[in-house]
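# Reading the structure
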Amino acid sequence: MKHFRSRLLVVLAVVAVSVGLDQWTKYLATVHLQGEPDQFYLGGILRLTHVHNTGAFLSIGSGLNDTWRPILLNVFPALLLIALLYYIFRERFLNGWQIVALSLIVGGGLSNIVDRLLYGHVVDMLHLKALGLQTGIFNVADMAIMGGMFIMLPFALRPSRREG
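For the structure given in this document, a descriptive report is provided here.

About the thresholds
Residues numbered from 1 in each chain as written. Predicted model: local features only at pLDDT ≥ 70, side-chain atom pairs only at ≥ 80, totals over all residues. Heavy atoms only, no water. Salt bridge = Lys/Arg side-chain N within 4 Å of Asp/Glu carboxyl O. Helix = DSSP H or I, 4+ residues; strand = E, 2+ residues; numbered from the N terminus. Buried < 20%, exposed > 50% of the residue type's maximum accessible area, 1.4 Å probe, protein only.

## Quick look at the pattern of salt bridges
Evaluation of the coordinates by the stated rule reveals three salt bridges. The closest approach of N and O atoms between K26 and D22, which form a salt bridge, is 2.6 Å. With K26 and D22 both in helix α1 (residues 2-33) and four residues apart, this pair spans about one turn of that helix. This pair shows no difference in class: K26 is buried, exactly as D22 is. The salt bridge involving K26 is made with D115; its shortest N-O contact spans 2.3 Å. Highlighted residues: K26 in helix α1 and D115 in helix α3 (residues 96-119), separated in sequence by 89 residues. Comparing K26 with D115, the two get one shared label, buried. It is possible to trace a salt-bridge network through shared partners that takes in D22, K26 and D115.

Here's what the structure looks like:
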């Protein structure tokens, strides 16, 4: 039981912080950036803007019709997040970093799903451009998802240590 409780505390804390920061920054972007010119910082590397994204990552799926968009952008991701939560609590061989990483993915995904359900779009506000490379416009939830994936990368690339 202690094993479950400790994982639950980590998952709840990481998801709460991820969702909370994402929702707060989306609120700030809406209040301070909506209808305003883009703001540039760090010599133009960071641009703050306000965009309503009706799709997913990099606006993928924004052109879907009203039947498929909710299924592919809300239902399918929600099922994946449920499966990921199930995996977090059932897989015995996850270490602390993996639990945090997977929880970041759940938190970011959940926050974007909540926005789509409540508002029909996700607010994106961050854009990076340096050395001839640039990102799409993204938000803190996207950073949580990508951060979780980045943390998981070394674990995905190394051979499994499970004893069979």
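That was the structure; now back to the text.
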